[in-house]
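Structural overview for review
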Amino acid sequence: MSSIPASPKRALLSAIPIAVILFFLPLLVAPYQVTLLAYGLIFAIAALGFNLLLGYTGLLSFGHSAYFGLGAYAVAFIVKYLEITSMEVFLLGGVLASAAVAALFGFLCVRYTRIFFGILTLALSQVLWSLAFKFYWVTGGTDGLRVPTPSLMGVRNPAGEDKMIFLAHRYYYYVLVIFLVGASVMWVIVHSPFGKALQAIRDNETRAEFVGVQVWRYRWVAFLVSGIYTGLAGTLWVPLNGLTTPDILHWTFSGKIVFFTVLGGFQTFTGPIIGGVVYNYLETYAVGHTVYWQMVLGVVLVLLVLVLPAGIAGTANRLILKLRREA
Amino acid sequence: MSLLETKSLTKYFGDTHAVDHVDFSVAQGELLALIGSNGAGKTTLVNLISGLLRPDSGTILFQGADVTVMSVHDRIRAGIARSFQLVTVFDQLDMLDNVCLAIFARDGKTRRLLSLANSDHAVSEEALGVLREFGKANLLAGGLAQGERKLLDVAIAYALRPKLLFLDEPTSGVSTREKAPIMDIITSIVRSGKITAVIIEHDMDVVFRYSDRIVVMHEGAILAEGTPDEIRRNEQVTTTLLGTRLEAHEHARA
Ligand SMILES: Nc1ncnc2c1ncn2[C@@H]1O[C@H](COP(=O)(O)OP(=O)(O)OP(=O)(O)O)[C@@H](O)[C@H]1O
Ligand SMILES: [Mg+2]
């Protein structure tokens, strides 16, 4: 999609240094900073999934809170009703729940495009939000549901270990590995024949149909993969946050996912990753330092649209291309 | 037996009789020109045959089989491909990927999620071969000149290896100088065998020079058909339809 040709070798060459930095960072910075980065990586996974629809298939979903929330609530229900705290069971449950609902919602939505698609995804996610709100005896209503620290690959957290230490070390690495695997798989998907078919649908739906791509079917699979990624993110998020509330099912949370993707740049592969990480810092520090944080975010969004419509990664890409051409 | 045959094919848009009980047939291996003034129903006829539109009534037979209500996907499988009157290529994919995509789709490989598209060398080689036939380059399709986009549009449809190829105004919006190379390529792929082509064309120079047979449409019906010579001599066609343009054409020749 970017005009820098994609080869696995080149992608690995740029990914390895970043992976190394992410690997050694916990040794260098305070645990709190590491947990912030874990949040950022989780948002990046959500945004990677979201952008398979926006950037590659040309569909703007305003309902991705649904899958993030499903991932999180699936974990909370596993804890509440099955009394299991294994992270692997959480992942299985979170992914299955988000996949099942994405399959259903996707089936309903992919016949539409543009604003109709956006509104329908939003409306469906709001249904889930109101369910979480109304069935408070199941979901805990606005109080939400607590999720304890899970065991990772069968290893219990030693009694008395500080929760922050757990999150900033073992849990961070767990998230990091899933992030790296998830991002690699997504990279392959967007460069696969399937990924090319999605881009063809984005560029010209009718023409894609007339080379034999079954447009609805491909959109539906893209929707499913997208929902699974965002659901996976929700699943990873909830032990970190320790609590899930209906907020993450609300459409404003879908708006945040849109925000980080646009912030990073939806026309590049790395944009959503950068956006997820940067947004998380932005929000954390804006909330910490001013009560007007929503206004700060609003101003950032306006500046973004006016000054950097290609987002952070898109703008960087252009600069690199320009420098290369001049060199 | 004809490759394609329509029987009493009909499509109305309200009061507009866009295609009105049309019996249209294409013979194996020919380069057929479908002509007629603006609004004659040429594009609508192709839309019906390619499956973009459903007819109100009538049937479409392709190689003797009824394809009237077949899905677009299945018609492409059967061997019917088309390009569009307004150029449609995949603007953000490069030229090679535009053609590769057609090949992946043709071979059912677009179902592959977990392999890299550019690691399938058989497909890239084939796509390069197609581009070579069309005069290759490798740029983002969005940045191409009109003539190149038109050619890419044809190349995408050609890469599907259809039996019957419909080209809706392959040389419109292209300078006179660029028309001949486009038509030469189209003619050569038809002559090299296996492909039958129907071109919709307004430029009578192009029509008379390149086509084997001409079908003239007027107000949703077929007015005349025949070889270029027959059409040139057909009074009805020359007076009611092509009059001025044909005279100008003869003038230019003299
Ligand atoms: N989707 C549509 N809805 C309503 N009317 C249509 C539609 N498509 C075509 N028509 C009408 O049907 C008639 C035939 O149109 P068509 O596009 O088939 O003509 P054409 O022979 O391809 O003309 P041109 O040479 O201008 O491309 C015209 O009167 C046109 O306005
Ligand atoms: Mg037309």
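Attention in this report is confined to the structure presented alongside it. (Residues numbered from 1 in each chain as written. Chains lettered and ligands numbered in written order. Predicted model: local features only at pLDDT ≥ 70, side-chain atom pairs only at ≥ 80, totals over all residues. Heavy atoms only, no water.)

Side note on the environment of A:Cys109
Residue and element names in this part refer to chain A. Our working definition: Here a helix means four or more residues in a row that DSSP labels H or I, a strand means two or more in a row labelled E, and each is numbered from the N terminus. For each residue, the accessible area found with a 1.4 Å probe, counting protein chains only, is set against the maximum for its type, and the residue is called buried under 20%, exposed over 50%, and partly exposed in between. Contact definition: two residues touch when any of their heavy atoms are within 4.5 Å.
In this structure, Cys109 sits in helix H4 (residues 87-109). Cys109 sits in the buried class, given a relative accessible area of 0%. For the pair Cys109 and Ala123, spaced 14 residues apart in sequence, the C-alpha to C-alpha distance is 11 Å. Once you skip the residues sitting within four places of it in the chain, Cys109 turns out to touch Phe117, Leu120, Thr121, Leu124 and Phe223.

A look at the packing of helix H7 (residues 163-190) of chain A against helix H10 (residues 215-241) of chain A
Residue and element names in this part refer to chain A. Put simply, the rule is: The convention used is that axes are lines fitted to C-alpha atoms, helices contributing only their stretch in contact, and that angles between N-to-C directions extend from 0 to 180 degrees. Each angle receives one of four descriptions, namely roughly parallel if under 35 degrees, roughly antiparallel if over 145, roughly perpendicular if within 65 to 115, and oblique otherwise. Here the term charged refers only to Asp, Glu, Lys and Arg, the term nonpolar to Ala, Val, Leu, Ile, Met, Phe, Trp, Tyr, Cys and Pro, and the term polar to all other amino acids, Gly among them.
Two elements in contact, H7 and H10, have axes whose closest approach is 10 Å; the angle formed by their N-to-C orientations is 175°. In terms of orientation, H7 lies roughly antiparallel with respect to H10. Contacts from Lys163, Leu167, Tyr171, Tyr174, Val175, Ile178, Gly182, Val185, Met186 and Ile189 in H7 reach Val225, Tyr229, Leu232, Thr235, Leu236, Pro239 and Leu240 in H10. Here the contact of H7 with H10 is composed, by residue class, of 14 nonpolar, 2 polar and 1 charged.

Here's the deal with the sheet that holds strand S11 (residues 221-226) of chain B
Residue and element names in this part refer to chain B. Put simply, the rule reads: One bridge is not enough; two strands pair if DSSP finds at least two bridges between them.
Taken in spatial order, the 6 strands line up as S7-S8-S9-S4-S10-S11 in an open sheet, and their pairing is mixed. On the outer flanks of this sheet lie strand S7 (80-82) and S11, each paired with one strand and no other. Each strand of the sheet is rotated relative to its neighbour by a mean of 20°, with strand direction disregarded. Here strand S4 (residues 31-35) runs beside strand S9 (residues 196-200); their pairing, made up of 4 bridges, is parallel. By the bridge assignment, Leu32 is partnered in S9 with Val198. Running at roughly 140° to S7, helix H1 (residues 42-50) makes contact with S4, S7, strand S8 (164-168), S9 and strand S10 (213-218) of the sheet.

Observations concerning the pairing of strand S1 (residues 4-13) of chain B
All names here are of chain B. Both S1 and strand S5 (residues 57-62) contribute to a ladder of 5 bridges, which runs antiparallel. In the sheet register, Thr6 faces S5, and the bridge partner there is Ile60. Sheet topology note: the S1/strand S2 (residues 16-22) ladder contains 4 bridges and is antiparallel. Residue Lys11 lies in a different strand from S2, and its bridge partner there is Val19. What sits between S1 and S2 in their antiparallel hairpin is a turn of 2 residues, with Gly14 showing a positive phi close to 60°.

Digging into the interface of chain A and chain B
Basically, it comes down to this: Accessible-area loss on putting two parts together, using a 1.4 Å probe and summing over both, is the definition of buried area adopted here. What counts as a salt bridge is simple: a side-chain nitrogen of Lys or Arg found within 4 Å of a carboxyl oxygen of Asp or Glu. A 3.5 Å cut-off defines polar contacts: any pair of N or O atoms within that distance qualifies, except that in protein one atom must be a possible hydrogen donor and the other a possible acceptor, and neighbouring residues in sequence count only when both atoms are side-chain atoms.
Residue-level contacts link 30 residues of chain A with 34 residues of chain B. A combined buried area of about 2,700 Å² lies between chain A and chain B, and 68% of that area is made up of carbon and sulfur atoms. The largest share of the area that chain A buries against chain B comes from A:Pro193, A:Arg207 and A:Phe210, three residues that together contribute 30% of it. Joining chain A to chain B, the criterion identifies 2 salt bridges. Here B:Asp97 makes a salt bridge to A:Lys196, at a shortest N to O gap of 2.8 Å. Put simply, chain A and chain B have 11 residue pairs in polar contact (both at pLDDT 80 or more) between them.

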